[in-house]
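Survey of secondary and tertiary structure
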Amino acid sequence: MNVIRRGKVTIRHVVIDMSDSVIKVSIRARGGEEDEVRWVCNKLDKLYDVVNVKYMPEEVHMNKMVVSNG
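Quick notes on the rules
- Residues numbered from 1 in each chain as written.
- Predicted model: local features only at pLDDT ≥ 70, side-chain atom pairs only at ≥ 80, totals over all residues.
- Heavy atoms only, no water.
- Salt bridge = Lys/Arg side-chain N within 4 Å of Asp/Glu carboxyl O.
- Helix = DSSP H or I, 4+ residues; strand = E, 2+ residues; numbered from the N terminus.
- Buried < 20%, exposed > 50% of the residue type's maximum accessible area, 1.4 Å probe, protein only.
- pLDDT = per-residue confidence, 0-100.

What follows deals with the pattern of salt bridges. When their charged atoms lie close together, side chains carrying opposite charge are able to pair. In the structure shown here, the tally under the stated rule is 1 salt bridge. Arg38 is paired through a salt bridge with Glu34; the nearest N and O atoms lie 3.1 Å apart. One end of the pair, Arg38, and the other, Glu34, are both in helix α2 (residues 34-45), 4 residues apart, so they sit about a helical turn from each other. The exposure class assigned to Arg38 is partly exposed, which follows from its relative accessible area of 40%. With a relative accessible area of 41%, Glu34 lands in the partly exposed category.

In structure tokens, the structure reads:
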């Protein structure tokens, strides 16, 4: 968490899935430049206990609206 705090990004959403000895963490970050997000990914990838870090940019659709019935 210290690496994420030092990055110049805003964390929007965190999901943690723990099963047996595997812990999967999904982090949605916003703000900052793409270089800052990649910096955080590279730092996380170099940690001893981290097996894999995957950077997946989201496309932003300015005119898109989500409507639900719930």
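Per-residue pLDDT for the protein chain averages 77, and the proportion of residues at 70 or more is 79%. Helix α1 (residues 2-6) is the least confidently modelled element of the protein chain, averaging 74 in pLDDT, while strand β1 (residues 10-19) averages 85, the highest of any element.

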